[in-house]
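The primary structure of each chain is shown beneath.
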Amino acid sequence: MRSNNPVLNRLDESSRVESRVLGARDVEPMTVDDVVVRTVGLLLVTGATAAVSWAVIPDAVWLGGALAGSALASIALILVISLRGITNPVPIVGYAILQGLLLGVASRTFEQVYPGIVVQAVAGTFGVFLGMAALYRARVIRATPRLARLVIGTLLGIAVLSVVNLVSYLITGRPGLAVYSVSGEVGWLPYAFSVVAIIAGAFSFILDFDLVERSVRDGRARRYAWLSAFGLLTGLVFLYWQLLRLLSYLRR
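Just so it is clear, the model here is predicted, and its values are computed rather than measured. (Residues numbered from 1 in each chain as written. Predicted model: local features only at pLDDT ≥ 70, side-chain atom pairs only at ≥ 80, totals over all residues. Heavy atoms only, no water.)

A.B. asks: Looking at this structure, I do not really get the overall build of the chain. What am I missing?
C.D. replies: Tallying secondary structure elements over the chain gives eight helices and zero strands in all. A buried classification covers 42% of the 252 residues belonging to the chain. Put simply, of all contacts in the chain between residues at least 6 apart along the chain, 86% involve residues at least 24 apart. Carbon and sulfur atoms provide 69% of the accessible area of the chain, an area that totals close to 12800 Å². (Helix = DSSP H or I, 4+ residues; strand = E, 2+ residues; numbered from the N terminus. Buried < 20%, exposed > 50% of the residue type's maximum accessible area, 1.4 Å probe, protein only. Contact = heavy atoms within 4.5 Å. Areas by Shrake-Rupley, 256 points an atom, 1.4 Å probe, with all protein chains shown as cover.)

A.B. asks: Is there a simple way to explain the nonpolar core in this structure?
C.D. replies: Soluble globular proteins tend to bury their nonpolar side chains together. Ranked by size, the top nonpolar core spans 29 residues in total, and within it V35, F129, M132, F205, I206, L207 and F209 carry the most contacts. Counting only elements with at least two residues in this core, the list comes to α5 (117–137), α6 (145–172), α7 (188–217) and α8 (224–250). (Core = buried A, V, L, I, M, F, W, Y, C linked by side-chain atoms within 4.5 Å.)

A.B. asks: What is the right way to read the packing of aromatic side chains from this model?
C.D. replies: Any two aromatic rings considered together are summarised by their centre-to-centre distance and by the angle between their planes. In the structure shown here, the tally under the stated rule is seven aromatic pairs. Here Y95 and F230 contribute two aromatic rings whose centre-to-centre distance is 5.3 Å and whose plane-to-plane angle is 75°, an arrangement assigned as edge-to-face. One end of the pair, Y95, is in helix α4 (residues 89–113); the other, F230, is in helix α8, with 135 residues separating them in the sequence. A relative accessible area of 2% places Y95 in the buried class. With centroids separated by 6.4 Å and ring planes inclined at 20°, the aromatic side chains of F205 and F209 adopt a geometry described as stacked. With F205 and F209 both in helix α7 and four residues apart, the pair spans about one turn of that helix. Owing to a relative accessible area of 0%, F205 belongs among the buried residues under this scheme. Note on F209: relative accessible area 14%, which makes it buried. Taken together, the aromatic side chains of F129, Y136, F205 and F209 make up a single cluster linked through ring pairs. (Phe/Tyr/Trp six-rings, centres within 6.5 Å; stacked < 30°, edge-to-face > 60°.)

A.B. asks: Teacher, can you tell me more about the packing of helix α2 (residues 32–56) against α4 here?
C.D. replies: The geometry of a pair of packed helices is captured by two quantities: the angle between their axes and the separation between those axes. Packing of α2 against α4 brings their axes to within 7 Å, and their N-to-C directions diverge by 45°. If you check the angle between α2 and α4, you find them oblique. Judged by the twist between their axes, the crossing of α2 over α4 is right-handed. A class-by-class count of the residues in the contact of α2 with α4 yields 11 nonpolar, seven polar and two charged. (Axes fitted to C-alpha atoms, helices over the stretch in contact; angles between N-to-C directions. Parallel < 35°, antiparallel > 145°, perpendicular 65-115°, else oblique. Left-handed = near helix turned anticlockwise from the far one by under 90°. Nonpolar A, V, L, I, M, F, W, Y, C, P; charged D, E, K, R; others polar.)

A.B. asks: Explain a nonpolar patch on the surface here, please?
C.D. replies: Together, V32, V36, V40 and L44 make up a nonpolar patch on the protein surface, roughly 340 Å² of accessible area in all. Among the residues examined, V40 registers a relative accessible area of 42% and is labelled partly exposed. (Patch = residues over 30% accessible without salt bridge, like charges linked within 9 Å, V, L, I, M, F, W, Y side chains within 5 Å. Salt bridge = Lys/Arg side-chain N within 4 Å of Asp/Glu carboxyl O.)

A.B. asks: When you look at the environment of V119 in this model, what are you seeing that I'm missing?
C.D. replies: Tracing the chain through its elements places V119 in helix α5. V119 gets classed as exposed once you look at its relative accessible area, which sits at 61%.

A.B. asks: Would you mind showing me how to read the UniProt feature "transmembrane region" (unreviewed entry) in the chain here?
C.D. replies: Residues annotated in UniProt with the feature "transmembrane region" (unreviewed entry) correspond here to residues 35–56, 62–83, 90–107, 113–135, 147–171, 191–212 and 224–243. Overall, residues 90–107 shows 100% helix and 0% strand. The separation of its end C-alpha atoms is 25 Å. Taken end to end, residues 224–243 has its terminal C-alpha atoms 29 Å apart, with 100% of it in helix and 0% in strand. (UniProt positions renumbered as here; feature names shortened; annotations may be inferred.)

A.B. asks: What is the right way to read the pattern of salt bridges from this model?
C.D. replies: Should the charged atoms of two oppositely charged side chains come close, the side chains can pair. For the structure shown, the criterion picks out five salt bridges. Among the salt bridges present, the one from D34 reaches R38, with a minimum N-O distance of 3.9 Å. Highlighted residues: D34 and R38, both in helix α2, separated by four residues, approximately one helical turn. In this pair, the class of D34 matches that of R38, namely buried. Notably, a salt bridge pairs D210 with R214, separated by 2.8 Å at the nearest N-O pair. Of this pair, D210 and R214 both sit in helix α7, separated by four residues, roughly a single helical turn. Side by side, D210 and R214 carry an identical accessibility label, which is buried.

Shown next as structure tokens:
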């Protein structure tokens, strides 16, 4: 199946050409195990950095602005790695570290107000991931062109709206589509936005699984396992953020 994402299409074509040109040089192809090992490694880096930032970074008046700036930097890094198809592990590990810093501080703040919420969000994130993996393996849900268009379009819309909403919040102090504080009333719009984001994030794993499967089948070079692992990491981090925010809405 040809993806409807132009970025993935270019990546597909370039990797196929690379496989044909370098095939005679015994370039080691990627395997599913390569993706699993790199994904687990990135998760460990993110988790370790989050634990350190949770314990070390103190609460301060500048922290909110720093978190907002780091969030925008993370979005920019995602776009650069995805659009350029970067397979160098250095920026990918850098993204894992940056997200760990954000997750640690933000999770600690939520946990102080809503005890147990972090465990709930983590369990929900991996529960959704494993559930979608089971559905994909059983071929209950397939990565069809229509699904790809819907999921990618929704995620792009969410990304654009999130950036606009964050910038608007920093300027006006009004939350809009997402409530960034850990307390206060929440209207129906943030609820709806979070639910849509969670559903889109869950279905994005189907596209990730399909990309990994096609990459292995097409004999992509082993270095592309880093890009596949990066895609899975961004999906897990995105889903965790959305679940953490929604759980806080429900407990207010």
